[in-house]
Amino acid sequence: IPVGGYILHLLKAISIMFEDEPSLKNKVFFDLIGRANPHYKGSVSRLIKKLDLTEQVNFNYDDSKVIHIPYSESLGLMKTADALLLLGIHPDYFHGWGNVILHVKLVDYFGADKPIFALTGQDSVTNDLLKDGVSTCTNDDPYAIRDALVAFINKMPKPATLTREHFAKEAVYSQWSKVFKQVIADELGYERKN
């Protein structure tokens, strides 16, 4: 859970969603795995308890250590989920550069081939990649998140094949190969001029 990662707004939205639609309380569960940025200082766990979400939101986190989950185990967990949640970085963070960050976790999520719901900035790379009308929420208002979450739960769209293929090994290798060749060419050209 990154700093400015919408988590507190999301928890409030989940609470509102369950109040408005109690039938979802027995159908929708959130399993948050990993660690929260130290900035939160236990506020995520406290808010889960305060909002009475302990039955619906499982927060697998140990304050005393960083939980590292090997990629193979992480991918296995992703594949057992019905959908994946990406907590983006708010556009205001990193001196206003929060939108330019591409989460590596999003690429992992594409590999799991599951529906993805992301809280992210409107001008972010994540929003551009998942723009299908229901997979992202670009607002941090709990009521807007609730509305977007309910729409997503009702539709559960998988990422478009074209989007997933953009991150396939072959495509990524081709792109990095071009970048590497250009860096070498630029460096050799620079040395020749000097």
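Check the entry above for the structure.
Conventions and cut-offs
- Residues numbered from 1 in each chain as written.
- Predicted model: local features only at pLDDT ≥ 70, side-chain atom pairs only at ≥ 80, totals over all residues.
- Heavy atoms only, no water.
- Buried < 20%, exposed > 50% of the residue type's maximum accessible area, 1.4 Å probe, protein only.
- Helix = DSSP H or I, 4+ residues; strand = E, 2+ residues; numbered from the N terminus.
- Pairing = 2+ DSSP bridges.
- Axes fitted to C-alpha atoms, helices over the stretch in contact; angles between N-to-C directions.
- Parallel < 35°, antiparallel > 145°, perpendicular 65-115°, else oblique.
- Left-handed = near helix turned anticlockwise from the far one by under 90°.
- Contact = heavy atoms within 4.5 Å.
- Salt bridge = Lys/Arg side-chain N within 4 Å of Asp/Glu carboxyl O.
- Core = buried A, V, L, I, M, F, W, Y, C linked by side-chain atoms within 4.5 Å.

(A) Broad picture of the pairing of strand 3 (residues 84-87). With burial as the criterion, each face of strand 3 is covered, one bearing L84 and L86 and the other bearing L85 and L87. In the sheet, strand 3 pairs with strand 4 (residues 116-119) via four bridges, with the strands oriented parallel. Residue pairing for strand 4: L84 is matched across the bridge by I116.

(B) Region of interest: the packing of helix 3 (residues 71-80) against helix 5 (residues 104-112). In the contact formed by helix 3 and helix 5, the axes pass within 9 Å of each other and the chain directions differ by 60 degrees. The orientation of helix 3 with respect to helix 5, classified from their angle, is oblique. Relative to helix 5, the crossing made by helix 3 is right-handed. Listed contacts from helix 5 to Y71, S74, L75, M78 and K79 of helix 3 are K105, D108, Y109, G111 and A112.

(C) Up close: the pattern of salt bridges. Per the counting criterion, the structure on display carries three salt bridges. Between K105 and D108 there is a salt bridge, with the nearest N and O atoms lying 3.6 Å from each other. Within this pair, K105 and its partner D108 are both found in helix 5, separated by three residues, close to a single helical turn. In this structure, R146 engages D147 in a salt bridge whose closest nitrogen and oxygen atoms are separated by 2.8 Å. Salt bridges sharing common partners tie together D20, R146 and D147.

(D) Fine view of the nonpolar core. One finds L10, L11 and I14 to be the most contacted residues of the largest nonpolar core, which totals 30 residues. Of all the elements in the fold, those that place two or more residues in this core are helix 1 (7-20), strand 1 (30-33), helix 2 (43-50), strand 2 (57-60), strand 3, strand 4 and helix 7 (142-155). Beyond its immediate chain neighbours, meaning those up to four positions away, L11 contacts V44, L47, I48, L51, L53 and V57. Counting 11 residues, the second-largest nonpolar core is a separate cluster that includes L84, L86, L106 and L129.

(E) Region of interest: unusual backbone geometry. For D52, which is not a glycine, the phi torsion comes out positive at approximately 55 degrees. With respect to the helices, strands and loops of the structure, D52 is situated in the loop between helix 2 and strand 2. The class of D52 is exposed, set by a relative accessible area of 51%. Backbone geometry places D113, a non-glycine residue, at a positive phi of 55 degrees. In this fold, D113 is placed in the loop between helix 5 and strand 4. Its relative accessible area of 27% is what places D113 among the partly exposed residues.

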